[in-house]
Amino acid sequence: MDVLNLMREVFPKTIDKDKPVFASLIANKDGTAALQKQILDLFAYMNEWTSTPNIYEQTGNMLQKTVSFFSYLEQFSNETESSLKNRFKAIFVRNHDEKWGTPFDVKNVFKQYFPHANIYLVENTNKIDATEVGLGNLFTDGDIDTETPDAWVLTNCFVTSDAKFSKKYGIELNQNGGVLSQAVDINPSSVYFLHFFLKGKISVQIKDNSNKYWNFSTKSWESTAIDNVFETSEWDNQSLFFITTESAESVNIYFKYVDQMTYIDYFRLFKKQPYSSFTIIAHFTGNTAAGVFGLAGGEADPNIETTSSNPPQPRYSNYGYYDKSFLSGVPVGFANDIYEDLLDYLRAQGVKAYLDIIVRDY
C-alpha cells in the first residue's frame, strides 16, 4: 500500500481528504503535504542506507561512516570522495592480490593509488632527508641538482638532462675512461647499502681508505680492483651492500663506463639500521603527471600541427611548467599524510616504511 492511501485510511470516512487543510497538512496526490513529505523523505533515507551496501557507490555521510567503521581513515580537508574511495580500495582490494604483505603486493597497492606513476620498492633504506646523524643519505647531491655538481668528481662523463631520472639532471657515460666518483665518511665494522637508478651498464667500484676493494660476489675486501657490474635496458633501481673493516674511515665509490651509453641518477647511500625497512618510490614524468597546468608565453600562438623539429611554439598539450617549476601536479603537500596512512596499513610492525615521490622534469 502506498503512503498516500495508508495515511488517508487512518482517518474517518466523514473527513473530506481533498479539502485544502487536509491536503496541505496530511496527504495529497502530489506528495507535498507536510506530514506526508516527511514520511516520504524518511522512507527514501532508509531505502538509501539499506539498498547501497557497496561502499564505492556511497556518498556523503554514509560513505564517511562506512569508511570510519571499517578503517581509521578519515577524509582530509578538500579531499574528494573519489580520492577517499581510492585510498580505501587500495587497502582492502589491493588490485585483487591473493597474498598480502609481499613486496609485489605493496607495489600493487601504490600502482592502484598512483596510476600515472612507475612504482619501485627498494629495501634496506632510510628516510632520504632524515636530519639525524647517520640516518639520511650519505651522498651529497644525490639528485644531481645542478650542471656543476661540486660534490662529485667527473672524468670523461657529463651532466645532461637526457640522463635524468629525477628533477633536471643526471649523469651520462658514453666513452672509455668515463668515471663518476664521490668520497664518503663511514664508520668501521658497519653495513652500508648503496642504491642508484640505472639505464644501461655500469661498473661500481668501492675502495676504502686502506686501498682495499669490495667484491660483492665474495662479500670480501681484496687488494686488486674489483668491478661489480650492473646492467638494465630500462630505468631500474640497483643495490648492493658492503661491510666496512675495523679500520675503515672512508670509502670512495666509483661508477665506471663499461661498453655502452649509460645514464645514472638518484644516488643513495644508507647505513644499515637494526630494523627492516623499505621505500616506495613513485616516479612521475612531467608530461604524464595528471592535473598539471601552466602559463603559455604572451606572444602569438599559432597552435598548429607541424612536422618541423623547431616549431614556432609548443602545442598547448605540452604546457606543464612555468619558469621551470610546477604550478600544480603531483600532490606533495598535505597529501603526504594520506600516503603515509597507506604505508601504516601495509608495513609490518617493527618495519620502517618510507615514501619518496620523484618527478622527472619534462
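Residues numbered from 1 in each chain as written. Predicted model: local features only at pLDDT ≥ 70, side-chain atom pairs only at ≥ 80, totals over all residues. Heavy atoms only, no water.

Enquirer: Explain the side chain of Ser-166 to me, and be specific about the residues and the numbers.
Expert: Looking at where Ser-166 falls in the secondary structure, it is placed in the loop between strand 3 (158-160) and strand 4 (170-173). Excluding residues that lie within four positions of it along the chain, Ser-166 makes contacts with Asp-143, Asp-265, Tyr-266, Ile-358, Val-359 and Arg-360. (Helix = DSSP H or I, 4+ residues; strand = E, 2+ residues; numbered from the N terminus. Contact = heavy atoms within 4.5 Å.)

Enquirer: Pulling in residues and values, what's your account of the sheet that holds strand 13 (residues 352-360)?
Expert: Spatial strand order, 1-12-13: three strands in an open sheet with mixed pairing. Among the strands making up the open sheet, the edge pair consists of strand 1 (118-123) and strand 13. Adjacent strand axes in the sheet meet at a mean angle of 20° when their direction is disregarded. As defined by bridge partners, strand 12 (residues 277-285) adjoins strand 13 across nine bridges and the pair is classed as parallel. The partner of Phe-284 across the bridge, within strand 13, is Val-359. Along the sheet, helix 6 (residues 103-113) makes contact with strand 1, strand 12 and strand 13, crossing strand 1 at roughly 145°. (Pairing = 2+ DSSP bridges. Axes fitted to C-alpha atoms, helices over the stretch in contact; angles between N-to-C directions.)

Enquirer: Describe the packing of helix 5 (residues 81-92) against helix 6, with residues and values.
Expert: At a closest axis distance of 9 Å, the pairing of helix 5 and helix 6 adopts a crossing angle of 165°. In terms of orientation, helix 5 lies roughly antiparallel with respect to helix 6. Between helix 5 and helix 6 lies a crossing of right-handed hand. Across the interface between the two elements, Ser-83, Asn-86, Arg-87, Lys-89 and Ala-90 of helix 5 pack against Val-109, Gln-112 and Tyr-113 of helix 6. Residue classes in the contact of helix 5 with helix 6 are distributed as three nonpolar, three polar and two charged. (Parallel < 35°, antiparallel > 145°, perpendicular 65-115°, else oblique. Left-handed = near helix turned anticlockwise from the far one by under 90°. Nonpolar A, V, L, I, M, F, W, Y, C, P; charged D, E, K, R; others polar.)

Enquirer: Give me a nonpolar patch on the surface: which residues, what numbers.
Expert: On the surface, Leu-42, Phe-43, Tyr-45, Met-46 and Trp-49 cluster together to form a nonpolar patch covering roughly 490 Å² of accessible area. You can call Phe-43 partly exposed: its relative accessible area is 40%. (Patch = residues over 30% accessible without salt bridge, like charges linked within 9 Å, V, L, I, M, F, W, Y side chains within 5 Å. Areas by Shrake-Rupley, 256 points an atom, 1.4 Å probe, with all protein chains shown as cover. Salt bridge = Lys/Arg side-chain N within 4 Å of Asp/Glu carboxyl O. Buried < 20%, exposed > 50% of the residue type's maximum accessible area, 1.4 Å probe, protein only.)

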